[in-house]
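# Coordinates in review
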Amino acid sequence: MKKIMTVFGTRPEAIKMSPLVKELESRDNIETIVCVTGQHKEMLHQVLSVFDIAPDYDLEIMKHNQDLFDVTMAILDRIKPILVAEQPDVVLVHGDTSTTFATALACFYLRIPVGHVEAGLRTHNIYSPYPEEFNRQAVGLVSAFNFAPTEQAKANLLKEGKDEASIFVTGNTAIDALATTVNGDYRHEVLDWVDDARLITITAHRRENLGEPMRHMFKAIRRVVDEYPDIKVVYPIHMNPKIRELADEFFGDSDQMKIIPPLEVVEFHNLLANSYLILTDSGGIQEEAPSLGKPVLVMRDTTERPEGIAAGTLKLVGTEETTIYENFKLLLDDDATYQTMSVAANPYGDGTASRQIVDILLEKLS
Ligand code: UD1
Ligand code: UDP
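Looking at an unreviewed UniProt entry, one finds the chain named UDP-N-acetylglucosamine 2-epimerase (non-hydrolyzing) and attributed to Vagococcus zengguangii. Quoted verbatim from the Sequence similarities (unreviewed entry) field of the UniProt record, the comment on the chain reads "Belongs to the UDP-N-acetylglucosamine 2-epimerase family."

Have a look at this one:
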């Protein structure tokens, strides 16, 4: 019997780790321990309830307006006794958050092997995204098993000198999750409100975009909305209070825009599937939209997901007002450009990543 612990704490980690937790729980020869850090509270528990996962441990670390010190210190402090008591054969972490980094560091201090799910994504700019690019590289230093979603991610790890025997290309568990959520007959009151207008979905939350870059993004979006009466914008807003303040300032008085609380994942995936266009600075949405054939304007200066750009679905438009404004209008006006970007291509795997990861772990840990 192998003891495998998963540790995650934010919404995107929960969405992409849940299919893996389910796969682990389905195996007789594995004892599955789930530890959530609670880096997010409401947005994490939304996902746990959709996937019906009851964590064994919840570190409950979230504080409003927490900074990077708060999160990292609280996790290191609270996870140590759990790791010492449980002594898992491997701890699985996901991606690039502070939860991921602090957990990997704690495991390293205790010499517990780490498995990194969604390994090898890189922008090679340590400040963008911030602090995620550092987190990914730092976890890569200590991880014994690297589950890379694509060949490109594997190549990034090889370039950094990782042992090829530790790298496994499995696809992204995001695709495993997506297979269970999108439903052709989806109805929601927000879609009734959109009616036959073109639905634009937006999300924005990156730490390095808070402040001026986000003002530019929101200003550009508002200018376009005011020029196009046939579009309606839905913005399921991240719970960070700093974002709410800005969104209210720019969007509060438009009757073509709806700011709504974060949607639970099944609702959100179906909102994407019903959208004409998506504007976002999110990482995970860059993986989901290509599968759904929905054009995405990525409001960031860098991306660690070049596969979606190569597939034609994503376009990196930065955080300058004029560039966002022009690219947004182009997709509303120019049907040929729109059609070119509406290609359903899925560079992120075949939906079996979780199964592959568990099979590999069982083989390697035996
Ligand atoms: C974190 C991750 C980021 C990931 C994002 C996904 C780090 C450094 N950043 O950023 O990589 O893309 O999650 O969303 O790990 N809040 C709530 N309730 C919630 C969630 C958040 O109230 O359920 C509020 C709190 O006031 C919290 C703030 O949002 O202090 C920011 O949360 P935090 O996890 O620190 O940063 P994110 O910007 O969400
Ligand atoms: N998402 C969600 N509800 C929302 C907005 C996003 O379930 O209201 C999902 C989305 O489908 C994706 C993930 O959350 O799977 C992305 O999370 P986020 O943008 O917060 O983080 P990132 O991917 O940038 O790290």
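That shown, we press on.
The next subject is the overall build of the chain. Tallying secondary structure elements over the chain gives 16 helices and 13 strands in all. A compact globule built from 366 residues would reach a C-alpha radius of gyration of about 21 Å, and the chain, at 20 Å, matches this within 12%. Taking the principal axes of the C-alpha coordinates as reference, the chain spans close to 60 × 40 × 40 Å. The burial tally for the chain puts 58% of its 366 residues in the buried class. Measuring between centres, the 35 positive side-chain charges of the chain sit 3 Å from its 56 negative side-chain charges.

Next up on the list: the nonpolar core. Where a protein is soluble and globular, its nonpolar side chains tend to be buried together. Counting residues in each nonpolar core, the largest one holds 34 residues, and the members touching the most others are I200, F218, L279 and F328. Those elements that provide at least two residues to this core are strand 8 (198-203), helix 9 (212-227), strand 9 (231-236), helix 10 (241-251), strand 11 (277-280), helix 14 (321-333) and helix 15 (335-341). Counting residues per element, this core draws most heavily on helix 9, which supplies seven residues. Ignoring any residue separated from it by four or fewer positions in sequence, one finds I200 in contact with I231, K232, V233, V234, Y276, L277, L279, F328 and L332. In terms of nonpolar packing, the next biggest core, distinct from the first, is built from 30 residues, A14, I53, V90 and L365 among them.

Scoring rules and cut-offs
Residues take numbers from 1 onward in each chain, read along the sequence in its written order. As they are written, the chains are lettered A onward and the ligands numbered 1 onward, keeping that order. Local features in this predicted model are restricted to residues whose pLDDT is 70 or higher, and side-chain atom pairs enter the listing and the counts only when it is 80 or higher, whereas totals over whole chains, interfaces and linings include all residues. The side-chain quantities take in all heavy atoms of the structure and omit both hydrogens and water. UniProt positions are given in the numbering used here, feature names are shortened, and annotations may be inferred rather than shown by experiment. Under the DSSP-based scheme used, a helix requires at least four consecutive residues in state H or I and a strand at least two consecutive residues in state E, with every element numbered from the N terminus. As defined in this context, the radius of gyration uses C-alpha atoms, and a globule is described by 2.2 Å times the residue total to the power 0.38. Exposure is judged per residue with a 1.4 Å probe applied to protein chains only, and the accessible area is read against the type maximum: over 50% gives exposed, under 20% gives buried, and values in between give partly exposed. In this tally Asp and Glu are treated as negative and Lys and Arg as positive; neither His nor the chain ends contributes. The location of each charge is read from NZ of Lys, CZ of Arg, CG of Asp or CD of Glu. Definition used in this section: a nonpolar core is a set of buried Ala, Val, Leu, Ile, Met, Phe, Trp, Tyr and Cys residues joined via side-chain atoms within 4.5 Å. Whether two residues touch is decided by their heavy atoms; if any such pair falls within 4.5 Å, the residues are in contact.

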